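If you want the building blocks of each chain, they are given just below.
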Amino acid sequence: GNYPPKSLVERHTLASIKTLGLGKGEKPDIIEVKATILFIPAEKLWYYACPEKDNNRKVTENADGSWHCEATGQTYSTKENRYILRASLADF
């Protein structure tokens, strides 16, 4: 969403994210970082996931075009695309 810019005091450095253990809890941590993108790898931009609600586990395609989820043990006619953003950043 559109959030107003935070003061410099409220921004985190990349080092402070690791020090504070942000992103490791049960719920997501929403923070603001000002950084430069150095590199975005082109491989593995998405994976195929189970279509069940709140299940982001990978599925594998069967020979008949259906999709099997190891987590649920079920086979589905569809799958969800889950996108992954991996990047190298620097906050000089």
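Look up a bit, the structure's there.
Rules used throughout
- Residues numbered from 1 in each chain as written.
- Predicted model: local features only at pLDDT ≥ 70, side-chain atom pairs only at ≥ 80, totals over all residues.
- Heavy atoms only, no water.
- Patch = residues over 30% accessible without salt bridge, like charges linked within 9 Å, V, L, I, M, F, W, Y side chains within 5 Å.
- Areas by Shrake-Rupley, 256 points an atom, 1.4 Å probe, with all protein chains shown as cover.
- Salt bridge = Lys/Arg side-chain N within 4 Å of Asp/Glu carboxyl O.
- Helix = DSSP H or I, 4+ residues; strand = E, 2+ residues; numbered from the N terminus.
- Phe/Tyr/Trp six-rings, centres within 6.5 Å; stacked < 30°, edge-to-face > 60°.
- Buried < 20%, exposed > 50% of the residue type's maximum accessible area, 1.4 Å probe, protein only.
- Pairing = 2+ DSSP bridges.
- Axes fitted to C-alpha atoms, helices over the stretch in contact; angles between N-to-C directions.

*Asks:* Lay out a nonpolar patch on the surface in plain terms, naming residues and giving numbers.
*Replies:* Residues I37, I40, L85 and L89 make up a contiguous nonpolar surface patch of roughly 420 Å² in combined accessible area. Relative to the assigned elements, I37 resides in strand β1 (residues 36-39).

*Asks:* Go over the packing of aromatic side chains with me, naming the residues and quoting the values.
*Replies:* The relation between two aromatic rings is expressed through the spacing of the ring centres and the mutual angle of the planes. Under the counting rule described, the total for this entry stands at two aromatic pairs. Seen in terms of ring centroids, Y48 and W67 are 5.2 Å apart; in terms of plane orientation they differ by 55°. Their pairing is tilted. Residue Y48 is found in strand β2 (residues 46-49), and its partner W67 is found in strand β4 (residues 67-69); the two are separated by 19 residues along the sequence. We classify Y48 as partly exposed; its relative accessible area is 33%.

*Asks:* Account for the pattern of salt bridges, naming residues and giving values.
*Replies:* In this structure the tally under the stated criterion is one salt bridge. When the shortest N-O distance is used, the salt bridge between E43 and R86 registers 3.4 Å. With E43 in the loop between β1 and β2 and R86 in the loop between β6 (80-83) and β7 (88-90), this residue pair connects regions lying 43 residues apart in the sequence.

*Asks:* Break down the sheet that holds strand β3 (residues 59-61) for me, with residues and values.
*Replies:* Strand order across the open sheet formed by three strands is β3-β4-β5, with antiparallel pairing between neighbours. Edge positions in the open sheet fall to β3 and β5 (74-76), since each of these has one partner strand only. Between one strand axis and the next, the sheet turns through 30° on average, direction left out of account. Summarising the sheet, β4 and β5 pair through three bridges and their orientation is antiparallel. The partner of W67 across the bridge, within β5, is Y76.

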